[in-house]
Amino acid sequence: MLDRESLAVFSEVAKKLDSGFAELPAFQDQSPEMERLAEVLDATAERLKDNYPYFHPLYAGQMLKPPHPVARLAYALAMWINPNNHALDGGRATSAMEKEAVAEIAGMFGWKAFLGHLCGGGTMANLEALWVAGQLHPGKKILASEQAHYTHSRISGVLQLPFESVPADARGRMDMDALAKRLERSDVGTVVATIGTTATGSVDPLPEILALRAKHGFRIHADAAYGGYFLLAGNLEQEVAQAFIRIGEVDSIVIDPHKHGLQPYGCGCVLFRDPGVGRLYKHDSPYTYFSSGDLHLGEISLECSRPGAAAAALWATQKLLPLGKGGVFARGLENGRKAALALFGKLHTDMRFVTTFPPELDIVVFAPRGASVSQSSALSRKIFEAAAKRGLHLAVAELPIHFWVANLGNMKRDSGTLVCLRSVLMKPEHLDWIERIWELLSAATAEVLDAHHQ
Ligand SMILES: Cc1ncc(COP(=O)(O)O)c(C=O)c1O
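Here we summarise the structure given alongside this text. Since this is a predicted model, take the numbers as computed values, not measurements.

Side note on the site of the ligand
Right, on to step 1. What surrounds the ligand is a group of 14 residues, the closest being G122, T123, T198, D223 and H258.
Right, on to step 2. Between T198 and the ligand, the recorded distance is 2.8 Å, taken from a side-chain N or O atom to an oxygen atom.
Right, on to step 3. Within the contact set of the ligand, an oxygen atom lies 2.7 Å away from a side-chain nitrogen or oxygen of H258.
Right, on to step 4. Protein burial of the ligand: of its 390 Å² of free accessible surface, 84% is covered by the chains.

Shown next as structure tokens:
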């Protein structure tokens, strides 16, 4: 788990950072007594053992992976300063790093002039995007697919914006007929296009949403918190790739470096195509912005204090792994997708399982075949546990029955939802581990089905 070589590099670069402040007079800091510190850290390590092994390829469940070593170390390095990117006074170097790193992300979507910054995560980033949307279209509805992240409806509640869900089609994407019909009422201000849903990685049909915008004139917010970086992957289906190609035409984008961008938690990013929306953030702060007339990030973000360390980590990661097509970073995403397709292929041809549509990004959902939908749901939960006992960690999700209908065969449809297994194959290493994952999944399934049939 621990990459000891990078720890050795860390102690060298920490000395380098220290040398930047060598001119200061010595002072007595609050260093704790080392023996006690070691004791407390030992207890901390003991407590942290109580976790799923998120860093290992056999953790193939939720949307979780460890940060890249360079991000982890750059973050830790910045902790010796603890910069605050709210204002230049609090984080001069890291504010500059944030502006550079965010410009690289915006550049990935083809945006040169834009407004954007880092924030706590996808929820905070979507809150800012909907806050801006609400101010530009006061009183008008926010629409998002019923497969959009659950926080959109909650955020709309917080902002007191009227929110409505649009049905999802059998592939988990926003249903375009339903959207077109709903738009006829002319009361919609913003449509949230989810570019990679949390449950199944489905990509809403952006080209069609853009065509509807041309007709009805609403705002489009792309929630690409999970899926955004797949823009760089060269192995997407044509239809999905078309959505990514046109993402730069939306009005705002959310992308989470702390999901596919290899960052520690606490790193979301919101981008606006029109830099003019900065005027909506205008506020007076008599005590924070006095060191220069340059832009302080707190002038264009809702949060006040923010970790400059998150910017240092992102900046360092993008230096090591630039956000280009065909590069090492892009290859990691392509490998995740290949792994998802490989697992889907095995499940699809094995009669013990029911599958849905092929994965559009790197998420696979599947369930064991039962006599009825409710029986299949119960078996899913048992396989989840049996796999975990064998060291394979999956996740469980509950999805509408119409996602599965084409593959249910003669299973009794006694429930409107199916509890299934879900696997986010988001680590580049997952591709090399797919045979082992399949072996463990297959054995856990055999065990559960044998016990069931006895
Ligand atoms: C599509 C999408 N939007 C928003 C979020 C919320 O992001 P966060 O958990 O960083 O707040 C998620 C989280 O999984 C997501 O998948």
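That shown, we press on.
Considerations on the side chain of H152
Right, on to step 1. Structurally, the position occupied by H152 is in helix 6 (residues 151-159).
Right, on to step 2. Take H152: its relative accessible area is 0%, and that puts it in the buried class.
Right, on to step 3. With residues near it in sequence (within four places) discarded, H152 still touches N126, L130, F163, V192, H221 and D223.

Quick look at the sheet that holds strand 11 (residues 417-424)
Right, on to step 1. Spatial ordering of the open sheet is given by 8-9-11-10, a layout of four strands whose pairing is antiparallel. Of all the strands in the sheet, just strand 8 (353-355) and strand 10 (395-400) have a single pairing partner and so form its edges. On average, each strand axis in the sheet is inclined to that of its neighbour by 45 degrees, with strand direction left out of account.
Right, on to step 2. As defined by bridge partners, strand 10 adjoins strand 11 across six bridges and the pair is classed as antiparallel.

Notes on the pairing of strand 1 (residues 115-119)
Right, on to step 1. Of all five residues that make up strand 1, five are buried, and the element is covered over most of its length.
Right, on to step 2. Along strand 1, one buried face is formed by L115, H117 and C119 and the opposite face, lined by G116 and L118, is buried too.
Right, on to step 3. Both strand 1 and strand 7 (residues 268-272) contribute to a ladder of five bridges, which runs antiparallel. By the bridge assignment for strand 7, L118 is matched with C269.

Structural notes on unusual backbone geometry
Right, on to step 1. In this model, S186 sits at a positive phi of 55 degrees, which is unusual for a non-glycine residue.
Right, on to step 2. Take S186: it is sitting in the loop between helix 7 (176-183) and strand 4 (188-194).
Right, on to step 3. The phi torsion at L262 lies on the positive side, around 65 degrees, for a residue other than glycine.
Right, on to step 4. As for its position among the elements, L262 is in the loop between strand 6 (252-255) and strand 7.

Some words on the environment of P66
Right, on to step 1. With respect to the helices and strands, the residue P66 is situated in the loop between helix 2 (34-48) and helix 3 (69-78).
Right, on to step 2. With near-sequence residues (within four places) excluded, P66 lies in contact with Y54, F55, R72 and K427.

Things to note about the side chain of S372
Right, on to step 1. The topology assignment puts S372 in the loop between strand 9 (363-368) and helix 12 (373-389).
Right, on to step 2. The exposure class of S372 is buried, given its relative accessible area of 11%.
Right, on to step 3. At 3.3 Å, the side chain of S372 forms a polar contact with the side chain of S374.
Right, on to step 4. For S372, the contacting residues outside a window of four places in its chain are M411, K412 and D414.

With respect to the packing of aromatic side chains
Right, on to step 1. For the coordinates displayed, the defined rule picks out ten aromatic pairs.
Right, on to step 2. Plain terms: the ring middles of F10 and W80 are 5.7 Å apart, the flat faces sit at 55 degrees to each other, and that makes the pair tilted. Linking F10 in helix 1 (residues 4-19) with W80 in the loop between helix 3 and helix 4 (92-108), this pair joins segments that are 70 residues apart in sequence.
Right, on to step 3. Taking the relative accessible area as the measure of exposure, F10 reaches 14% and is therefore buried.
Right, on to step 4. Three or more aromatic residues joined by ring pairs form one cluster here, namely Y52, Y54 and Y59.

About the thresholds
For every chain, the first residue of its written sequence is number 1, and the numbers climb from 1 along that sequence. Thresholds applied to this predicted model are a pLDDT of at least 70 for local features of residues and 80 or more for the giving and counting of side-chain atom pairs; totals over whole chains, interfaces and linings are not thresholded and use all residues. As a convention, hydrogens and water are excluded, and side-chain values are obtained from all of the structure's heavy atoms. Proximity is defined per residue: any heavy atom of the residue falling within 4 Å of a molecule or strand makes that residue near it. Polar contact is the term for a pair of N or O atoms within 3.5 Å; when the atoms are in protein, one must be able to donate a hydrogen and the other to accept it, and sequence-neighboring residues count only if both atoms are side-chain atoms. Computed by Shrake-Rupley with a 1.4 Å probe, the accessible areas treat only the displayed protein chains as cover when residues are assessed. By definition, any uninterrupted DSSP run of H or I lasting at least four residues is a helix, any uninterrupted run of E lasting at least two residues is a strand, and each is numbered from the N terminus. Think of it in three bands: with a 1.4 Å probe and only protein chains considered, a residue is buried below 20% of the maximum accessible area for its type, exposed above 50%, and partly exposed in between. In what follows, a contact means two residues having at least one pair of non-hydrogen atoms within 4.5 Å. Strands qualify as paired when DSSP identifies two bridges or more between them. Where helices are involved, their axes are fitted lines through C-alpha atoms of the stretch in contact, as for all axes, and angles between N-to-C directions lie from 0 to 180°. Between rings of Phe, Tyr and Trp, where Trp is taken as its six-membered ring, a pair exists when centres lie within 6.5 Å; planes separated by under 30 degrees are stacked, by over 60 edge-to-face, and by other angles tilted.

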